[in-house]
Amino acid sequence: GAGRGTWGPSARVARARGASGVAFSGGVLADALGLARCRLPVGTHVDVVVLPALVSAPEVGDVVGDLGGASVVGGAGEPGGNLRDHRDGDPLRLIHWKQTARQGRLLVNVPEAPAGAHHRIHLVTDPGAHTPDSFETAVSVVATLVVRALGHGEEVDLGTGPRGGEARPARGEALVMRRLALVGTGETVGGTGVEPPAPHLHGLVVTGRATPSLLADLEGAGGG
């Protein structure tokens, strides 16, 4: 019948990172005295994406503390105050409409560079480089580093793939976290199963172990 209804919390623990769902099939309601019970079928399902667990600051500090700023890439930023062509993911507020009209193509203002560094991070998804536990740890470490850098106003390029992937600009915390929520081992470009070309590994490479192929890629790229 009609009424205001009753609301209450219901905590659930996700079994794993990634695409999931929450289903509510029904409930049993009892009156305050426990004399009457009513069984109500519902049948509601909600799709959810379980984001990676973040690592605590001391733990991730221990992981990368001895790397000497390995993720920082010198000269990777762009000078602020200039114009450049529009790229996918650029916010509309950066578009310079007058110059766009004059030039006949979308141009955006390059914001002044943040005070922090520019990071480049590669997540290796080769199943031969990971155990299930090590891969989840690697994803969590990468997520933590990206969120922390973006939170400090720093720039981040992120690559994911069997060989580390080509690093692309991170367009905000929400997009990166969703991307890392859905990443799995053995991913290839476009899901075609074709081995991608060796990426330019320059920055911080996160893996479960250094496989011979990864070491060869690192040597060919001049380090990482």
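Structure shown above.
Residues numbered from 1 in each chain as written. Predicted model: local features only at pLDDT ≥ 70, side-chain atom pairs only at ≥ 80, totals over all residues. Heavy atoms only, no water.

Caption draft 1: Layout of the environment of leucine 92. Tracing the sequence through the fold places leucine 92 in the loop between β3 (83-85) and α2 (97-103). Leucine 92 gets classed as exposed once you look at its relative accessible area, which sits at 61%. Distance from leucine 92 to valine 108, taken between C-alpha atoms, is 8.5 Å for residues 16 residues apart in sequence. (Helix = DSSP H or I, 4+ residues; strand = E, 2+ residues; numbered from the N terminus. Buried < 20%, exposed > 50% of the residue type's maximum accessible area, 1.4 Å probe, protein only.)

Caption draft 2: Molecular detail of the packing of helix α3 (residues 132-151) against helix α4 (residues 173-182). The contact between α3 and α4 brings their axes to 10 Å, and the two run at 175°. Considering the angle they form, α3 stands roughly antiparallel to α4. In this structure, α3 contributes Val139, Val142, Ala143, Val146, Val147 and Leu150 to the contact, and α4 contributes Glu173, Val176, Met177 and Leu180. (Axes fitted to C-alpha atoms, helices over the stretch in contact; angles between N-to-C directions. Parallel < 35°, antiparallel > 145°, perpendicular 65-115°, else oblique. Contact = heavy atoms within 4.5 Å.)

Caption draft 3: Fine view of a nonpolar patch on the surface. On the surface, a cluster of nonpolar side chains totalling about 360 Å² of accessible area is made up of Phe24, Leu29, Leu40 and Val42. Elements represented by at least two residues in the nonpolar patch include exactly β1 (18-30) and β2 (37-50). Take leucine 29: it is sitting in strand β1. (Patch = residues over 30% accessible without salt bridge, like charges linked within 9 Å, V, L, I, M, F, W, Y side chains within 5 Å. Areas by Shrake-Rupley, 256 points an atom, 1.4 Å probe, with all protein chains shown as cover. Salt bridge = Lys/Arg side-chain N within 4 Å of Asp/Glu carboxyl O.)

Caption draft 4: Structural detail: the environment of leucine 29. Sequence spacing of leucine 29 and leucine 40 is 11 residues, and the spatial spacing of their C-alpha atoms is 7.7 Å. In contact with leucine 29, other than residues within four places in its own chain, are Ala36, Arg37, Cys38 and Leu40.

Caption draft 5: Main features of the nonpolar core. One finds Ile121, Leu123, Val142 and Leu180 to be the most contacted residues of the largest nonpolar core, which totals 22 residues. Looking at which element gives the most residues to this core, the answer is α3, with 10 residues. Ala129, Val205, Leu218 and Ala221 belong to the second largest nonpolar core, which has 7 residues in total. (Core = buried A, V, L, I, M, F, W, Y, C linked by side-chain atoms within 4.5 Å.)

Caption draft 6: Representation of the environment of leucine 201 within the structure. By secondary structure assignment, the location of leucine 201 is in the loop between α4 and β8 (204-206). For leucine 201, a relative accessible area of 0% translates into the label buried. Residues leucine 201 and glycine 159, 42 residues apart in the sequence, show an inter-C-alpha distance of 9.2 Å.

Everything listed here is a matter of coordinates, which is why it stays silent on function.
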